[in-house]
There are 2 protein chains.
Amino acid sequence: MEPDPQTCCAQTLPAHWMDLLRSQGGRVTRSRQRVLEAMAQLGRPSTAQEIARSLGRRACNLATVYRSIALFENMGLVRRVELGDGQTRFELAGDDQHTHHHHHLFCKRCGRILKVEGCELSRFEASLARDHGYTEIEHRLEFFGICPRCQSTRTAGSPQHSPGTMVRPDRRRPAQ
Amino acid sequence: MEPDPQTCCAQTLPAHWMDLLRSQGGRVTRSRQRVLEAMAQLGRPSTAQEIARSLGRRACNLATVYRSIALFENMGLVRRVELGDGQTRFELAGDDQHTHHHHHLFCKRCGRILKVEGCELSRFEASLARDHGYTEIEHRLEFFGICPRCQSTRTAGSPQHSPGTMVRPDRRRPAQ
DNA sequence: TTTACTGCAAATAATTTGCAGCTTA
DNA sequence: TAAGCTGCAAATTATTTGCAGTAAA
């Protein structure tokens, strides 16, 4: 897996997450710390399984990973990413270069995930708020396509992520 | 549930779906016809359960609903919609006024789903293709907010859809 | 010490699949 | 007829939960 600056850059842990956690009555435990570190190291939207597995030896229970993620998601430390392949992924959410709001470009063949920045939808959100009276509007936007490598191989390339757990191609195709 | 032109408009069945199905070696069966009719009548992204239940008496097996949906999705007759609440929904995909490409505005409290049109991302897609060499680029975009009714009730309003199966508010919050 | 957190196993829930019988072409 | 469907029940898979023991604060 060659390095891809836009794909596999280790993320940064949201600063002050410990304080944030404590301020909400939570405890800073080794498990939670490890889950966050694993997510940061993975540097891309990852499933609970991937996160648990990446912890390897010092693994913490899958149930704990789920519980930690749920907690972090409610704290706004983690955001969920759904790419229509039936798997729910999570990534760190923050406001620095690596964790701030962004989107993804997902290869429909191999599952490669590219980070996409610079989408400007705030004006559109404003018009939605005005036209329909909604508040607190936010959005999720994902792109799908065929990556360069897959174009040349013609066949479904080797999945970049979680080798061995390739999702069925059929479900990967977003009904556009 | 008052009528909402943008939410609950019965959709139209994709024309020629029978021919399309047959041309791919599939058979036009009563079950498949009913599943499509149910989706058209529901007129909004619906889960397999909702589709099966809406068929009421003349119900067809849940497994069959899943199989039909999968088939239709691969044919491009149905597209999947994920709103981050852990449920996978499906809606008719076509090119007429009701089924063409569009997005949704999902109320984070009651789950009301509003259809959103007029998003212009093709230029952005083109730049993605140019910059990263991807082809066949498409996208999925969903908006989340608090609908007017929920703003006034302060509490989680009655869910517009599938009463009784309200998802946990915690999971409804998209990690922005 | 107190009470939240964790591991483990059992429980749920959403999908999928095997198979034998039923239908469409 | 023949192959593709369908219902039903069992099997999977992802995720959640109960509980008793462990560890933050």
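Residues numbered from 1 in each chain as written. Chains lettered and ligands numbered in written order. Predicted model: local features only at pLDDT ≥ 70, side-chain atom pairs only at ≥ 80, totals over all residues. Heavy atoms only, no water.

Caption draft 1: Inspection of the protein's contact with DNA strand D at higher detail. Near DNA strand D you find 18 residues, and of these Tyr66 of chain A together with Thr29, Ser31, Arg32 and Thr64 of chain B are the closest. At the protein interface, 70% of the atoms of DNA strand D within 4 Å belong to sugar or phosphate. Between Arg67 of chain A and DNA strand D, the recorded distance is 3.4 Å, taken from a side-chain N or O atom to a base oxygen. Of all the secondary-structure elements, those providing two or more residues to the surface near DNA strand D are helix 4 (62-75) of chain A together with helix 2 (30-42) and helix 4 (62-75) of chain B. With three residues, helix 4 of chain A is the largest single contributor of residues to the surface near DNA strand D. Partitioned by chemical class, the residues of the surface near DNA strand D number four nonpolar, seven polar and seven charged. (Near = heavy atom within 4 Å. Polar contact = N/O pair within 3.5 Å; in protein donor to acceptor, adjacent residues only side chain to side chain. Helix = DSSP H or I, 4+ residues; strand = E, 2+ residues; numbered from the N terminus. Nonpolar A, V, L, I, M, F, W, Y, C, P; charged D, E, K, R; others polar.)

Caption draft 2: Region of the structure containing the packing of helix 2 (residues 30-42) of chain A against helix 4 of chain A. All names here are of chain A. Remark: helix 2 packs on helix 4, axes separated minimally by 10 Å, with the N-to-C direction vectors making an angle of 75°. Overall, the two elements helix 2 and helix 4 adopt an arrangement that is roughly perpendicular. For the pair helix 2 and helix 4, the contacting residues are Ser31, Arg32, Val35 and Leu36 in the first and Thr64, Val65, Ser68, Ile69, Leu71 and Phe72 in the second. Along the lines of polarity and charge, the residues of the contact of helix 2 with helix 4 split into six nonpolar, three polar and one charged. (Axes fitted to C-alpha atoms, helices over the stretch in contact; angles between N-to-C directions. Parallel < 35°, antiparallel > 145°, perpendicular 65-115°, else oblique. Contact = heavy atoms within 4.5 Å.)

Caption draft 3: Broad picture of the nonpolar core. Counting residues in each nonpolar core, the largest one holds 32 residues, and the members touching the most others are Phe143 of chain A together with Phe143 of chain B. Breaking this core down by element, the ones donating at least two residues are strand 3 (103-107), strand 4 (113-116), helix 5 (122-132) and strand 5 (135-146) of chain A together with strand 3 (103-107), strand 4 (113-116), helix 5 (122-132) and strand 5 (135-146) of chain B. Ignoring anything within four residues of it in the chain, the contact list for Phe143 of chain B reads Phe124, Glu125, Leu128, Ile137, Glu138 and His139 of chain A together with His103, His104, Leu105, Phe106 and Val116 of chain B. (Core = buried A, V, L, I, M, F, W, Y, C linked by side-chain atoms within 4.5 Å. Buried < 20%, exposed > 50% of the residue type's maximum accessible area, 1.4 Å probe, protein only.)

Caption draft 4: Representation of the UniProt feature "binding site: Fe cation" (unreviewed entry) in chain A. Residue and element names in this part refer to chain A. Feature annotation in UniProt places "binding site: Fe cation" (unreviewed entry) on His101 and His139, given in this structure's numbering. Maximum C-alpha separation among the annotated residues is 9.8 Å over a sequence range of 39 residues, consistent with a single clustered spot. Considering the arrangement of structural elements, one finds His101 in the loop between strand 2 (88-92) and strand 3. In this structure His101 comes out as partly exposed when scored by relative accessible area, which is 29%. (UniProt positions renumbered as here; feature names shortened; annotations may be inferred.)

Caption draft 5: Structural detail: the relation of the copies chain A and chain B. Note on the identical chains: chain A maps onto chain B by a rotation of 180° and an axial translation of 0.0 Å, with an RMSD of 0.1 Å. In short, the pair behaves as if placed about a two-fold rotation axis. Minimal C-alpha separation from the rotation axis in chain A is found for Leu141 of chain A, amounting to 2.1 Å. Taken together, the interface assignments show that 100% of the residues at the interface of chain A recur at the interface of chain B, consistent with an identical surface on both copies. (Least-squares fit on C-alpha atoms with pLDDT ≥ 70 in both.)

Caption draft 6: Molecular detail of the protein's contact with DNA strand C. Around DNA strand C, a shell composed of 18 residues is seen, among which Thr29, Arg32 and Thr64 of chain A together with Arg27 and Tyr66 of chain B lie nearest. When atoms of DNA strand C within 4 Å of the protein are split into backbone and base, the sugar-phosphate part holds 70%. A distance of 2.6 Å separates a phosphate oxygen of DNA strand C from a polar side-chain atom of Arg32 of chain A. In this structure, a phosphate oxygen belonging to DNA strand C sits 3.4 Å away from a main-chain N or O atom of Val28 of chain B. The greatest single-element share of the surface near DNA strand C, amounting to three residues, is contributed by helix 4 of chain B. Its residues assigned to classes, the surface near DNA strand C comprises four nonpolar, seven polar and seven charged.

Caption draft 7: Quick peek at the interface of chain A and chain B. Contact with chain A, which involves 49 residues of that partner, is made by 49 residues of chain B. The interface formed by chain A and chain B holds three salt bridges in total. For Glu138 of chain A, the salt bridge goes to Lys108 of chain B, with nearest N and O atoms at 3.5 Å. Every element with two or more residues in the side of chain A that touches chain B is listed here: helix 4, strand 1 (78-82), strand 3, strand 4, helix 5, strand 5, helix 6 (148-153) and helix 7 (169-172) of chain A. Ranked by the residues each element gives to the side of chain A that touches chain B, the list is headed by strand 5 of chain A, at 12 residues. (Salt bridge = Lys/Arg side-chain N within 4 Å of Asp/Glu carboxyl O.)

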